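Here is how the chains run, residue by residue.
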Amino acid sequence: MVRMGPDVPLLNEYKQEFFWKRFPQTVLGGPRFKLGYCAPPYVYVNQAVLFLTPWLFGGFGTLLSQLQLLQELHAAVLSGILMCGAAAGVQALALYAARRSGTVERLGASNILVDEEEVEFTHCVSTETVRFIAPGKRFGLNVVLHTVLAGVLCGFGTWYVFLGRLTALYGSIGASLVVFVLSWVTLCIAEYSLIVNTATETATFQAQDTYEITPLTRPLYIFIFIAVDLADRYSDAVPELHLASQVLHVLFLFLPLLWAFGILPPLDALLLWGMEQTLVFGLGGSPMSSNLRLLLMFGVSAGVAVCNYFIPSTLGVVLLSTAMGFLLSLDLSQVGTLCRGSRSAFGDRELLRGGPLLLVAMAEAGVLHHFIGSAQSRSLITGPQAPVSYLLLILFCLCWALREIQGAYVFGGVFLNPLYPKGMSNVHIFKQRNRGLYIAAAIRRVLIYLVFPFAMIAFLAMDKSLQLLHTVSLSVGFTRAFRVGWQSSEDALLQMVVVILVRLAAGNNVLPGWDDLGTGVQLLLVGLLFDRVTQFLAKLKFTLIVLVTSWTEKKQRRQSAGTLLALNASLCPLVLAVVIVSALLSAPLLPLFTLPIFLVGFPRPQRSWPGPVGTACPCPDSVFYQQMSGSLACALRTAFARGSLGSLAPGSHFLGRFQDRMVWIMILERGYGYCTVNIKGLELQETSCHTVEARRVDEVFEAAFERPERLGFTQGFNLHWGNALTPCAALAVRVYSDARNVLSGIIDSHDNLRKLQDDFMKALIWLLLRYCVQKHKGFLWSSEEVSAVGGMKSQSSQLAQTTSNQPPEAVMVESNVSSIRFRQDSSSLTSFGDWSDEDDLFGPQPARRTVALVTAEAQSGHATLQMGASLPGSVEMDSLFENMALSALQPLQPLGLGIGMPAVDKGHNSEVFGERSGSLPHLNFSCPQSEVFNLPKGWRTAPLLPSRLLSLRPLFPEDWFRFTLGRFGPAVQGATSEDMTKALKEDEALKELHIHVALSCLISLGAESAFTSPSYVYRLYCGDVPWTEGLEWLSSSKELYQLTLQAFRFSFKLLFDQASLGPMESPEELFSTLEEYERDWYIGLVTEKGWHDSVLQEKPFLFSLGHDLTMGTYTGRVLTLQEQLVQVGRLNGEGVRGQWANLSWELLYATNDDEERYSIQAHPFMLRNLTVQAADPPLGYPIYSSAPLHFPCL
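Residues numbered from 1 in each chain as written. Predicted model: local features only at pLDDT ≥ 70, side-chain atom pairs only at ≥ 80, totals over all residues. Heavy atoms only, no water.

- The name recorded for the protein in an unreviewed UniProt entry is Pecanex-like protein, from Astatotilapia calliptera.
- Within the UniProt record for the protein, the comment given under Subcellular location (unreviewed entry) is "Membrane".
- Recorded in UniProt under Sequence similarities (unreviewed entry), the annotation for the protein is "Belongs to the pecanex family." (UniProt positions renumbered as here; feature names shortened; annotations may be inferred.)

What follows is the structure, given as structure tokens:
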């Protein structure tokens, strides 16, 4: 991305025109009065008539009622019937027009990002006119349902705004007339969107409205208003209901504005948000990682509350609440695993640990409630709850202090923690310095999981309000109280401490209203209040950051910055009200275009996105995040248990940084002893915007972790407190460190290149003999088992195939299991490429050919390697991916008659040299053990003249051959005598065999003369072998070709190492080096499947050769697997939600998909570019996203 100035247009000219056509349509509910082209007047007249039709029918019914010709109920029914008939007529016309048009079209989901095409109108009721005004429904069921709802809505709406009813509410005819007229505007808008044409809503949650749910959104809210009015009409005199009806009738007039500004959520978001809020604050649960889990948990939790209401015994209520609160706070994903019979180690430990805890908790609650709960003293100072209350106060202070010292900052990120280890250069030293904090963390962990829950159960079991349990509020309150002590012990302790402090402050005085609520409801209200206050403070900080940086940051200062600041200052109470409302609704605070223009976004679940967790836009770099996700999850498990990352509320966001890698971590669920997270990886190839924000992230972390031993007074403050990122801790994670070197002076050195030929022969001899040893021991090296450089197929790829048919609902993480298990079924490799062009939000995009696709095509489409496609003198170009030459792809065959290519007899079998194997002379080995090192007959059929081989015989290192044979001989035969080894070395037939094969491979690669060109070395390393006399023979045997290619890559790695570290001093050192290459290294290209598999298999070292075309240099890339410190910080969650809400509005409604738009430009304080990247596709583009990872935190 090219960074642009702060005055880049918020919307380009085309999008501005499109927006100002769409927004009036949204305000009015669907009529298109601004088209952008000339249209006949009847198009507008027809839409206006349809828009006012509900008012005509409702006004007719109102008139009959006012003239006392019909009763109110009958007049409302008449209006509804007339509206139902009109709606049926509109749908019939739409269906007729669709059939009359005679075009065959697929009625797919409407694309909200595509502007309407210009329509040619012929007359007022033509097919084109009808289809333009009323497009019709896609499903027959919706035709019937929406038509009936239109009639019902008109009937109830007429009844809702009768003048008699309005006069009774407000006592003024003038006010009633104003409310009557404006209310019918609201009703007409809802009716039009339901039955004629649905407008695109600013509150868009799903990218596609597949089932036509959007037309039901506006009528639903009207029915809610009507329901309150009906309750007021038919209930006894309830002042609260009457007041609510008066307020809602006034609010009814502003519904169009609430719809237009996107404050009211669509139905799906409303349902999920409502269930989540009720589950968390009403039933004591946690937000869930998927919609299905949320639905199931909500149903079960609500069932427990209902059972508590009907159980007659308070003791039964206490026991059931204690048991179900404990069980529902556990990781229920493991219950399904245990039921299916696959009992994991974690599941067994849960049973062993959970059973005794449950029995002890139930015994404690039952005994205390039965013997002490009926005590008469209500005083907290002298009653039975007094000792437990003081204990809870002490535990809260102790736990808070132990948690604060675990992180890099204390007191809300304001001051540096002097106890936190300084310096991050060495992992071992860091762990030693951190040992004291580990002890404090262990004490805190015991308190949280073994002391807090039992202390809170004791407090609740002895509470007097349990005797008044059988009311709805008390049943819900105590159901929540007994559960939240397990679900979120720290938050529950804070809430209980606040209730205790209020009671201690009141003393023996009775607090009217408060004491009547009961302890359960008091805890519920305190928990809700604490959450809303926390959200308010986070939103207020986000607001101040946006306001201040819009002026102080020169690169963010637009021409309108001064005006916007003046407006915000003059409308400060309104801005504060917006922040308060968004906090009360638990809705994101939406900064429009990320400018200081604040709106209330519509409420949505904590996850912010409707789709399943784990969707990403994968690329070749995704494998590095996939590899580190397992080790990172283990490190997070430890950090969560210690409290190093602070309070872990679902919806919290963390950012991890290591070298060029950015890891985005989101908390999805939290329960007793477990946590569920989603790990995302951001792009490695940094754009300019990405680089600016990454540099600021590094500065923030350096200020926290790379600090001096002694801090001065000013150095103890967090100078980056205003940043969205607050450093928390450094975690030890096994990751690949990436080192890249320019090979100038190595690959172009003539001395090095001359030695490359000798090293190649030695590496090839070693690999040939090793091949014979593996074949003798049963490790057959077939072509199916050979990667691009001859490595064995990795276990990770086999594991991926094994688990590919399993649902990626969640991945269970255990403390003592290898981190590879975390990556067994990562859904991040499920790309978003299966969207059709019509469904694509940003229009048709060219398909990206990933490495996996190239490899799959190469393996499935070509049974044999195709060689000789490169013309002599041609220049190899690098592909789109880094370090990937086009030679690594399948070669393009030239058109025409294959000019310049070697002649191939296509009438014969490609195994032409295999036919000669029967005529080869039998080898007479002098040593019986030499048969083990015999090579396949087809490898001796090279079409080369004996004289040519004889001339190259001095290149064969006989001493190295005998030395290697002496080392491999005992490995094959076990305890071999010295005489047997000597006989092997002196077997001339065996030596001649290997000389013939090795020199044939040397000639086939065109390496019979010393290497002089770095470009030729690079082509051979990539497997792009120019045509030679023996190339077809070599390529006909895949095993021999792979051995030869691997030998050349080993020889280049030897060249690289010897140029850096010095020459090999002895054959033993060379032999051990080659063994190390085979055992611990993957030497190849980053575009090969073997590279991908080796990373997932956690090969200790990887090496690749690349070519930088822009600089004209060759580069060596070395990956080293080691334990490194990954710095992790907490992000302002409300800032993230606000930017994601703006992203959703800007792309789904304003369709502002410009890659250079203002809202995606770098912002060092808000980390705007990184936040946009981390959003779920299709709006964001993380290159990796894990399935929900569940792991224990005990």
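Right, picking up where we left off after that structure.
Some points on the pairing of strand E11 (residues 1101-1108)
In step 1: Counting buried positions over the eight residues of E11 gives six, a clear majority of the element.
In step 2: Judged from the four bridges that link them, strand E10 (residues 1081-1084) and E11 form a sheet pairing that is parallel. Bridge assignment links tyrosine 1082 to a residue of E11, and that residue is leucine 1102.
In step 3: After leaving E10, the chain enters helix H38 (residues 1089-1096) and then returns to the sheet as E11, a path that is right-handed.
In step 4: Of the pairings in the sheet, the one linking E11 to strand E12 (residues 1113-1131) comprises eight bridges and is antiparallel in character. (Buried < 20%, exposed > 50% of the residue type's maximum accessible area, 1.4 Å probe, protein only. Helix = DSSP H or I, 4+ residues; strand = E, 2+ residues; numbered from the N terminus. Pairing = 2+ DSSP bridges. Right-handed = clockwise from strand over helix to strand, strands pointing away.)

Digging into the pairing of strand E6 (residues 661-671)
In step 1: Burial within E6 is extensive, with eleven of its eleven residues counted as buried.
In step 2: Linking strand E5 (residues 653-658) back to E6 in an antiparallel pair, the connection comprises two residues, with glutamine 659 at a positive phi of about 50 degrees.
In step 3: Across eight bridges, the pairing between E6 and strand E7 (residues 674-681) is antiparallel. Counted as the bridge partner of glutamate 669 is threonine 676 from E7.

Considering the confidence of the model for the protein
In step 1: A residue-level look at the protein finds 82% of positions with pLDDT of 70 or above and a mean pLDDT of 83.
In step 2: Note on residues 104-115: pLDDT under 50 across the span, and 30 contacts to partners over four residues away in sequence or across chains.
In step 3: Below a pLDDT of 50 lies the segment residues 781-918, which in the model reaches 251 contacts outside its immediate sequence neighbourhood of four places, other chains included. (pLDDT = per-residue confidence, 0-100. Contact = heavy atoms within 4.5 Å.)

Brief notes about the pattern of salt bridges
In step 1: Taken as a whole, this structure holds 35 salt bridges when the rule is applied.
In step 2: Salt-bridge contacts for arginine 293 lead to glutamate 669; the nearest nitrogen and oxygen are separated by 2.8 Å. One end of the pair, arginine 293, is in helix H12 (residues 291-310); the other, glutamate 669, is in strand E6, with 376 residues separating them in the sequence. The residues arginine 293 and glutamate 669 share a single accessibility class, namely buried.
In step 3: For aspartate 1093, the salt bridge identified is with lysine 1089, shortest N-O distance 2.8 Å. With aspartate 1093 and lysine 1089 both in helix H38 and four residues apart, the pair spans about one turn of that helix.
In step 4: The exposure class of aspartate 1093 is buried, given its relative accessible area of 8%.
In step 5: Residue classification places lysine 1089 among the partly exposed positions, given a relative accessible area of 32%.
In step 6: When salt bridges that share partners are traced, they join Glu958, Asp959, Arg962, Glu988 and Lys991 into one network. (Salt bridge = Lys/Arg side-chain N within 4 Å of Asp/Glu carboxyl O.)

Observations regarding the nonpolar core
Side chains of a nonpolar character, in soluble globular proteins, are inclined to be buried together.
In step 1: Among the nonpolar cores identified, the biggest contains 126 residues, and Phe640 and Leu645 are the most heavily contacted of them.
In step 2: In terms of residue count, helix H18 (residues 435-461) provides more of this core than any other element does, 14 residues in total.
In step 3: Ignoring sequence-local partners within four residues, the contact set of leucine 645 consists of Leu636, Ala639, Phe640, Phe654, Cys728, Ala729, Val1128 and Arg1130.
In step 4: Leu756, Phe963, Leu1002 and Phe1011 belong to the second-largest nonpolar core, a separate cluster that totals 79 residues. (Core = buried A, V, L, I, M, F, W, Y, C linked by side-chain atoms within 4.5 Å.)

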